[in-house]
Amino acid sequence: MNPIIEFCISNLAQGAQETFETLERDPNLDVLEYGCLSYCTKCTEGLYALVNGDIVEAETPEQLTERIYQYIEDNPLF
């Protein structure tokens, strides 16, 4: 089972698109895009994604990518 990374389309438009595209190329991840994840406050404050249901936040796309991979490493599924 692969880790699931979920993005809000509004957050993609605010700068998370680069992270989305990078992670989407990783065959060991399931990367999904939704119209809304109902974290509107997070969406307006910065970049974020849900990783296996938990929020991972960052200020830049590069930082978000790094933090997502770090979160996956620190919180294995099994």
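A quick note: this is a predicted structure, and the numbers were derived from the prediction, not measured. (Residues numbered from 1 in each chain as written. Predicted model: local features only at pLDDT ≥ 70, side-chain atom pairs only at ≥ 80, totals over all residues. Heavy atoms only, no water.)

A. Seen up close, the pairing of strand 4 (residues 54-58). In the sheet, strand 3 (residues 47-51) pairs with strand 4 via five bridges, with the strands oriented antiparallel. In the sheet register, L50 faces strand 4, and the bridge partner there is I55. Counting the residues that bridge the hairpin from strand 3 to strand 4 gives two residues, and of these N52 lies at a positive phi of roughly 50 degrees. (Pairing = 2+ DSSP bridges. Helix = DSSP H or I, 4+ residues; strand = E, 2+ residues; numbered from the N terminus.)

B. Here's a closer look at the environment of I5. The residue I5 is located in strand 1 (residues 4-8) in this model. Here the alpha-carbon distance between I5 and I72, two residues 67 residues apart in the chain, equals 9.9 Å.

C. View of the pattern of salt bridges. Taken as a whole and assessed by the stated rule, the structure comprises one salt bridge. A salt bridge links E57 to K42; the nearest nitrogen and oxygen atoms lie 3.5 Å apart. Residue E57 is found in strand 4, and its partner K42 is found in helix 2 (residues 40-45); the two are separated by 15 residues along the sequence. For K42, a relative accessible area of 26% corresponds to the partly exposed category. (Salt bridge = Lys/Arg side-chain N within 4 Å of Asp/Glu carboxyl O. Buried < 20%, exposed > 50% of the residue type's maximum accessible area, 1.4 Å probe, protein only.)

D. Broad picture of the sheet that holds strand 1. An order of 2-1-3-4 is seen for the four strands of this open sheet, with the pairing classed as mixed. Edge positions in the open sheet fall to strand 2 (30-34) and strand 4, since each of these has one partner strand only. Taken over all neighbouring pairs, the strand axes of this sheet differ in orientation by 30 degrees on average, direction set aside. Contacts from helix 1 (residues 9-24) reach strand 1, strand 2 and strand 3, with the element oriented near 150 degrees to strand 1. In this fold helix 3 (residues 61-74) packs onto strand 1, strand 3 and strand 4, with an angle of close to 145 degrees to the strand it touches most, strand 4. (Axes fitted to C-alpha atoms, helices over the stretch in contact; angles between N-to-C directions. Contact = heavy atoms within 4.5 Å.)

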